[in-house]
Amino acid sequence: MRPSLRSLTDKFYTAFAIFAFLILIIPLLHIILSIIMNGIKRLDLELITSPPKSLLGSGGGILHAIIGTAMVVFIAMLISLPLGFFVGLYLAEFAKGKFAHFLRTLISVLAGIPSIIAGVFAYTVIVVVYGFSALAGGFALGIIAIPYVARSTEEALGSVPMEIKEAGFSLGIERWKVVLFIDVGYAKSRIIAGFLLALARVIGETAPLLITILGGINIPSNIFSPANAIPLVIYQYALSPFRIWHNIAWSAALLLMIIVLVINLGVRYYLKIKAIY
């Protein structure tokens, strides 16, 4: 019996979908395996606990970049979390009409701009006046993270069932209390997950840091000092002519990939646990 046209079409699109999946997954697997195979050689305790050594020495680590990354990301979250949260809350609960449309469009535009533009803005606002610093890098990354936090907060609050809100209103509770204590409480897990995903988004950014934190091998003493970061170390060491630095760059890339993977898997596990309970 000859196969029907519908059966042939189904087989064609199934084969095409498998082919497209392989085209996408093979380069991704190649990148991941290359980072693991090259980075595992130097991924040791010395890498994360030691400062860099001389170019001709063997060993050394990226402790200065780890501390710089922690400082920069902390500043970024300190800026983006309150701003993004209240913008998302306003859009989900209070904004109406043309202004709400304008604000959502503005957030979409901000999310779509190249990250280097945020770095240029931070350079003109902070670096030109006060010099290169972890504060400037954190400010640039905070700008990048704001739209992600705002969107995740708005979507989380938008998922709150209307029955829960109406139950609060029926008890005579003021609207702002319903929003802050009932709606936010119900959507808390998704809001926190959005915060963590925004953190994973900015922790690997390199372009804004090129013109804001300067780099170097010194451990930053405060947020107003020049600093380094793991993505910037990867960029700088990969372009160097020294084999030792190339090995450190591979290991730093593996460390960064592990950090981002742990954050993303942690978010999935956290949402799964909250869904169960």
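Residues numbered from 1 in each chain as written. Predicted model: local features only at pLDDT ≥ 70, side-chain atom pairs only at ≥ 80, totals over all residues. Heavy atoms only, no water.

Examining the environment of Gly266
Point 1. Looking at the secondary structure, you find Gly266 in helix H12 (residues 243-276).
Point 2. A sequence separation of 73 residues divides Gly266 from Ala193, and the C-alpha atoms of the two residues are 8.9 Å apart. (Helix = DSSP H or I, 4+ residues; strand = E, 2+ residues; numbered from the N terminus.)

Let's talk about the nonpolar core
Point 1. One finds Ile62, Leu141 and Ile230 to be the most contacted residues of the largest nonpolar core, which totals 38 residues.
Point 2. For this core, the elements supplying multiple residues, two or more each, are helix H3 (63-93), helix H6 (134-158), helix H9 (188-202), helix H11 (230-238) and H12.
Point 3. Top element by residues in this core is H12. It accounts for nine residues.
Point 4. Beyond its immediate sequence surroundings of up to four residues, Ile230 is in contact with Ala65, Ile66, Thr69, Ala252, Leu255, Leu256 and Ile259. (Core = buried A, V, L, I, M, F, W, Y, C linked by side-chain atoms within 4.5 Å. Buried < 20%, exposed > 50% of the residue type's maximum accessible area, 1.4 Å probe, protein only. Contact = heavy atoms within 4.5 Å.)

Focus on the layout of surface pockets
Point 1. Within this model, the largest pocket holds a volume of roughly 230 Å³.
Point 2. Together, 13 residues line the largest pocket, and Ser152, Arg190, Ala193, Gly194 and Leu197 are the ones closest to its centre.
Point 3. Those elements giving two or more residues to the lining of the largest pocket turn out to be H6, H9 and H12.
Point 4. Split into classes, the residues belonging to the lining of the largest pocket amount to seven nonpolar, two polar and four charged. (1 Å grid on protein atoms, 1.4 Å probe; cavity = no way out; pocket = protein on both sides within 12 Å on 5 of 7 lines; lining within 4 Å. Points joined across faces, edges and corners; volume = space filled by probe spheres on them. Nonpolar A, V, L, I, M, F, W, Y, C, P; charged D, E, K, R; others polar.)

Concerning the packing of aromatic side chains
Point 1. As enumerated under the stated definition, the model contains 10 aromatic pairs in all.
Point 2. Judged by centre distance (6.5 Å) and plane angle (35°), the ring pair of Phe99 and Phe102 falls under tilted. Taken together, the residues Phe99 and Phe102, both in helix H4 (residues 97-112) and three residues apart, mark about one turn of the helix.
Point 3. A ring pair is formed by Tyr237 and Trp245, whose centres lie 4.3 Å apart and whose planes are at 15°; its orientation type is stacked.
Point 4. An aromatic cluster of at least three residues, connected via ring pairs, comprises Phe12, Tyr13 and Phe16. (Phe/Tyr/Trp six-rings, centres within 6.5 Å; stacked < 30°, edge-to-face > 60°.)

A word on a nonpolar patch on the surface
Point 1. Taken together, the side chains of Phe12, Tyr13, Phe16, Phe19 and Ile23 make up a nonpolar region of the molecular surface, amounting to roughly 590 Å² of accessible area.
Point 2. Assignment of secondary structure puts Phe19 in helix H1 (residues 5-39). (Patch = residues over 30% accessible without salt bridge, like charges linked within 9 Å, V, L, I, M, F, W, Y side chains within 5 Å. Areas by Shrake-Rupley, 256 points an atom, 1.4 Å probe, with all protein chains shown as cover. Salt bridge = Lys/Arg side-chain N within 4 Å of Asp/Glu carboxyl O.)

Notes on empty space enclosed by the protein
Point 1. For the structure shown, the criterion picks out three cavities of 30 Å³ or more.
Point 2. For the largest cavity, the calculated volume is near 60 Å³.
Point 3. Along the walls of the largest cavity sit Leu110, Ala111, Ile113, Ser115, Ala118, Ile143, Ile144, Tyr148 and Arg201, which together make up its complete lining.
Point 4. Of all the elements in the fold, those that place two or more residues in the lining of the largest cavity are H4, helix H5 (115-130) and H6.
Point 5. The element best represented in the lining of the largest cavity is H6, accounting for three residues.
Point 6. Class assignment of the residues belonging to the lining of the largest cavity gives a composition of seven nonpolar, one polar and one charged.

Just geometry here; none of it tells us what the structure is for.
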